[in-house]
Structure formats: C-alpha cells, structure tokens
Amino acid sequence: MVGFTLKEPYWIDFDLGELKSGTGEIVRLEVRIVTDEGKIYPTYFGNARGKTLASYRPEAILQPGETLEKLQFRSDDPFEAEHVIWTTYNFKDMK
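Residues numbered from 1 in each chain as written. Predicted model: local features only at pLDDT ≥ 70, side-chain atom pairs only at ≥ 80, totals over all residues. Heavy atoms only, no water.

## Considerations on the overall build of the protein chain
Counting its regular elements, the protein chain contains zero helices and nine strands. Counted from the first residue to the last, the protein chain has its helices and strands arranged as β-β-β-β-β-β-β-β-β. On the principal axes, the C-alpha backbone points of the protein chain span a range of 45 × 30 × 20 Å. When the 95 residues of the protein chain are sorted by exposure, 23% land in the buried category. A separation of at least 24 residues holds for 62% of the contacts in the protein chain among residues at least 6 apart in sequence. Put simply, the protein chain shows about 6700 Å² of open surface, and 50% of that area lies on carbon and sulfur atoms. Between the centroid of the 12 positive side chains of the protein chain and the centroid of its 16 negative side chains there is a distance of 5 Å. (Helix = DSSP H or I, 4+ residues; strand = E, 2+ residues; numbered from the N terminus. Buried < 20%, exposed > 50% of the residue type's maximum accessible area, 1.4 Å probe, protein only. Contact = heavy atoms within 4.5 Å. Areas by Shrake-Rupley, 256 points an atom, 1.4 Å probe, with all protein chains shown as cover. Lys, Arg positive; Asp, Glu negative; His and termini not counted. Charge placed at Lys NZ, Arg CZ, Asp CG, Glu CD.)

## Let's talk about the sheet that holds strand S2 (residues 11-13)
Here we have three strands laid out as an open sheet, ordered S2-S3-S4, and antiparallel in their pairing. Here the strands that pair on one side only, and so sit at the sheet edges, are S2 and strand S4 (26-27). Here S2 pairs with strand S3 (residues 18-20) via three bridges, running antiparallel. Within the sheet, the bridge partner assigned to Ile12 lies in S3 and is Leu19. (Pairing = 2+ DSSP bridges.)

## Quick notes on the side chain of Thr35
Within the secondary structure layout, Thr35 lies in strand S5 (residues 29-35). Those residues in contact with Thr35 that lie beyond four places of it in its chain are Tyr41, Glu66, Thr67, Leu68 and Glu69.

## A few points about the sheet that holds S5
As summarised here, the arrangement of the six strands in space is S8-S5-S6-S7-S1-S9, forming an open sheet in which the pairing is antiparallel. Across the chains shown, the open sheet's two edge strands, defined by having one partner strand only, are strand S8 (68-75) and strand S9 (81-86). The average angle at which neighbouring strand axes cross in this sheet is 30°, direction not considered. For strand S1 (residues 2-6) and strand S7 (residues 53-58), the ladder comprises four bridges, and the chain directions are antiparallel. Opposite Gly3, over in S7, you have Ser55 as the bridge partner. (Axes fitted to C-alpha atoms, helices over the stretch in contact; angles between N-to-C directions.)

Written as structure tokens, this is what we have:
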C-alpha cells in the first residue's frame, strides 16, 4: 500500500474516490510501483481515512521474492502531500 497525507487545501472526496484541490477540482494522480528488474505495477485508489489520508493498492499481486525499488507518481494537476507512506508485508512471513 502507498499512502499520502495530503496538505491543505487538498482533500479526499471519499464518496467519489478522488483527490480534490481547494477549489474542488479533481486531481488525477497515477501511482506505480517499480521492481529492481523494471516490472511496473499500476495502482488504484483503495481507501481513505478522513479527508487527508489516501491509499493506493497494486492492481496485481506482487510476486514473492521481488525487490520493490521505487515509487513513481504522476499528475497533470498540482498536488502536495505532507507525507508518503509505504507499507507491505506477506502473510506467509508472519509467525
């Protein structure tokens, strides 16, 4: 999961699953996960907590043993985040 804590005046319209600017304009954000071998995993808007924390989830299941090297963010619209949060775990690794 990749998450963002948005800076004001940006906010999340939870009902529509969209990020919005202070003027109510939709902010179209693309988030991609890239492995060390260059494989790209697109993500989708997965969840929101309140009006400021948005999370994106991979569209496909990440493969065991893959090294996730970087995150790519793209938007034609201005966008500011206070924090970027990256979490991942495999249930098989839990004891």
